[in-house]
Each structure stands twice: as C-alpha cells, then as structure tokens.
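Each chain, letter by letter, is given below.
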Amino acid sequence: PAEAYYLFYCGRACVALHGARRVLDLGCGPGTQLVQLAELCPDVAFTGVDLSESMLAEARRYAAERGVRNVNFVRGDATRLEFPDHSFDGVMSVMALHHMPTDKELRAVFREIARVRTPGGAVFLVDFGRLKSPFSMLTFAFDKADAQSPLLTLDYERSLRAAFRLEDYRAIAGECLPETTVHSTFKVPMLVVIQTPDRPLPGPLRERLRDKVENLPRDQRRDMDDLRVFLQLGGLDHD
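Now for a quick tour of the structure. (Residues numbered from 1 in each chain as written. Predicted model: local features only at pLDDT ≥ 70, side-chain atom pairs only at ≥ 80, totals over all residues. Heavy atoms only, no water.)

Quick word on the overall build of the protein
Stage number 1. Of the regular secondary structure elements, the protein holds nine helices and seven strands.
Stage number 2. Taking the principal axes of its C-alpha atoms as reference, the protein extends roughly 45 × 40 × 35 Å.
Stage number 3. Relative to its full complement of 239 residues, the protein shows a buried share of 49%.
Stage number 4. Counted over contacts in the protein with a minimum sequence separation of 6, partners at least 24 positions apart contribute 76%.
Stage number 5. Accessible surface computed for the protein: about 12100 Å², of which carbon and sulfur atoms make up 54%.
Stage number 6. Each charge sign in the protein was given a centre, from 31 positive and 34 negative side chains, and these centres are 2 Å apart. (Helix = DSSP H or I, 4+ residues; strand = E, 2+ residues; numbered from the N terminus. Buried < 20%, exposed > 50% of the residue type's maximum accessible area, 1.4 Å probe, protein only. Contact = heavy atoms within 4.5 Å. Areas by Shrake-Rupley, 256 points an atom, 1.4 Å probe, with all protein chains shown as cover. Lys, Arg positive; Asp, Glu negative; His and termini not counted. Charge placed at Lys NZ, Arg CZ, Asp CG, Glu CD.)

Some points on the packing of helix H1 (residues 3–17) against helix H8 (residues 203–214)
Stage number 1. Direction vectors running N to C along H1 and H8 enclose 170 degrees, while the axes themselves pass 11 Å from each other. The angle between H1 and H8 places the two elements in the roughly antiparallel class. From H1, Leu7, Gly11 and Cys14 reach across to H8, where they touch Leu205, Leu209, Lys212 and Val213.
Stage number 2. Looking at the contact of H1 with H8 residue by residue, the classes come out as five nonpolar, one polar and one charged. (Axes fitted to C-alpha atoms, helices over the stretch in contact; angles between N-to-C directions. Parallel < 35°, antiparallel > 145°, perpendicular 65-115°, else oblique. Nonpolar A, V, L, I, M, F, W, Y, C, P; charged D, E, K, R; others polar.)

As for helix H6 (residues 150–162)
Stage number 1. Over its 13 residues, H6 runs 18 Å from end to end, which matches the ideal 18 Å to within 8%, given 1.5 Å per residue.
Stage number 2. Listed in full, the buried residues belonging to H6 are Thr153, Glu157, Ser159 and Leu160. Looking straight down H6, one finds that the buried residues subtend no more than 160 degrees of arc, so they occupy a single side. (Expected span 1.5 Å × (residues − 1). Arc of directions from axis to C-beta.)

What about the environment of aspartate 103?
Stage number 1. Within the secondary structure layout, aspartate 103 lies in helix H4 (residues 103–116).
Stage number 2. With a relative accessible area of 38%, aspartate 103 lands in the partly exposed category.
Stage number 3. In this structure, the C-alpha to C-alpha distance between aspartate 103 and glycine 27, residues 76 residues apart in sequence, is 16 Å.
Stage number 4. Filtering out sequence-adjacent residues up to four positions away, aspartate 103 remains in contact with Phe164 and Ile172.

Examining the packing of aromatic side chains
Any pair of aromatic rings gets described here by the distance separating the centres and the angle formed by the planes.
Stage number 1. The tally for this structure, following the rule as stated, stands at three aromatic pairs.
Stage number 2. Judged by centre distance (6.3 Å) and plane angle (70 degrees), the rings of phenylalanine 8 and tyrosine 9 are edge-to-face.
Stage number 3. Geometrically, the ring pair formed by phenylalanine 83 and phenylalanine 88 is edge-to-face, given 5.1 Å between the ring centres and 90 degrees between the ring planes. Across the pair, exposure class does not vary: phenylalanine 83 and phenylalanine 88 are buried alike. (Phe/Tyr/Trp six-rings, centres within 6.5 Å; stacked < 30°, edge-to-face > 60°.)

Things to note about the layout of surface pockets
Stage number 1. Looking at the second largest pocket, its volume works out to about 510 Å³.
Stage number 2. Elements represented by at least two residues in the lining of the second largest pocket include exactly H1, H8 and helix H9 (218–233).
Stage number 3. Of the residues in the lining of the second largest pocket, the class split is eight nonpolar, two polar and ten charged. (1 Å grid on protein atoms, 1.4 Å probe; cavity = no way out; pocket = protein on both sides within 12 Å on 5 of 7 lines; lining within 4 Å. Points joined across faces, edges and corners; volume = space filled by probe spheres on them.)

Remarks on the sheet that holds strand E1 (residues 22–26)
Stage number 1. The mixed open sheet is built from seven strands, whose spatial order is E3-E2-E1-E4-E5-E7-E6. The sheet is open, and its two edges are formed by strand E3 (71–75) and strand E6 (181–184), each paired on a single side. Adjacent strand axes in the sheet meet at a mean angle of 15 degrees when their direction is disregarded.
Stage number 2. The sheet contact formed by E1 and strand E4 (residues 88–94) spans three bridges and is parallel. If you follow leucine 24 over to E4, its bridge partner there is valine 91.
Stage number 3. Helix-sheet contacts for H4 involve E1, E4, strand E5 (117–128) and strand E7 (191–195), and the interaxial angle to E5 is about 150 degrees. (Pairing = 2+ DSSP bridges.)

Here it is in structure tokens:
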C-alpha cells in the first residue's frame, strides 16, 4: 500500500540530492527506501545508518537480493554519529525523525547533519507532522486499513502520535540548517519536507522515474497525485 509514497519520496530525494556522490541515510530501517534510491543512482555511494541490528540485517539481505552494491549499512546513533566532519555531500532521512523521543534529540540530529555534511551539501528530510486532533490521526491511520496488515495500521497511528509539530521543524531547521526550506501538506501538516534547493535531473533519470510512476496501479497513482497536489499547495514545486 505504501509503494506510491516510497516512489514519491525517492523522486523527491533524487531532485534534492542530485550531484552528491556520498549520501548518508539516517534511520534507514530495513533499507526499502534506500535500496530503491541506490538502484536509480548507481554512481552514488550510499551509507545507511540505523540503531537496530535486526533492521540492518534485513537491509543487507534486501540489498543483496536486489543486487545493489553501492550501499553500505552501519549501526549508529543519528544523535551522535561516528563519522568525521564533512564526510558526506548529501544527507537524507525518510520517515525516521519521529523516532526521536524529544525535540532535544531532534535538534541533536540536525546538528549532526550540519557537522557531517560538506559545505553546500544537499539535504532531504521527510517525516510526519503532528496533527492537532487525535481524530485526524485515526482518520489518516485507518484510511487504508483494509489494504494492509493491522500491525502496519497500528504503526502508522503510533507514528502520527509521535510526530513533531511543523513549528518544531521550522525552528530547529532554521537554527541548524538555515540553507533548507520547510514545506508541509496544505492546511493539514500531515507530511513535512525539509530540503536544500532542487537540482535539475538528467533526462534518463527523469524518464526512469516517469516510467515507474506510470506503472503504478491506478489507486496508487491517485494516492501519489493527491500527495503531490497537497505539497504543491504547500509550496513544494518542481516534482
């Protein structure tokens, strides 16, 4: 059920990170998103970081199964990275920031991104935004309940409850990563995107992304179109 979202984040990451040669993914989990991006960008060296050894084992298995060799997985804490300063010219994180317990840890992650990123390096971060009402959280979480496992629905609902406010993201990004802009879905900040300016994509990569979109089932195309519209209304262009 999440395939359209994975593909959308992948396309947005391509636009934000294009030209980077060493990209760090914070909170890579089982590698689903990162491996998809590494397949599209075989000339980029990716490093995925996660605290969970079981997640990293799954990520390594998945990358091997897909035959992807340009990604390395490392156990680490996003609030205290063990990489030298300016180690990466691109840093990304997809749906991992809400795992930070408080805004203190979130600020620590942003400071680490600023430290390990080369001057002028690219940033692409996306995560849930805190909704104002518990009813809204439940509405979004159970919207696809009949098409996914109960565990996934429960995880979605818990993730929405754990999300940070749009105001938190804006304040911390402004403090730690002033080159970035912060966008959210229009009116209801269910999704928040923090990134450096977009970079033009080469024609072949654009075509590959377009082909993947066109091959999505109709209902998932509709989900992607809805997401695009609400982010465009929130100011995120050039998708």
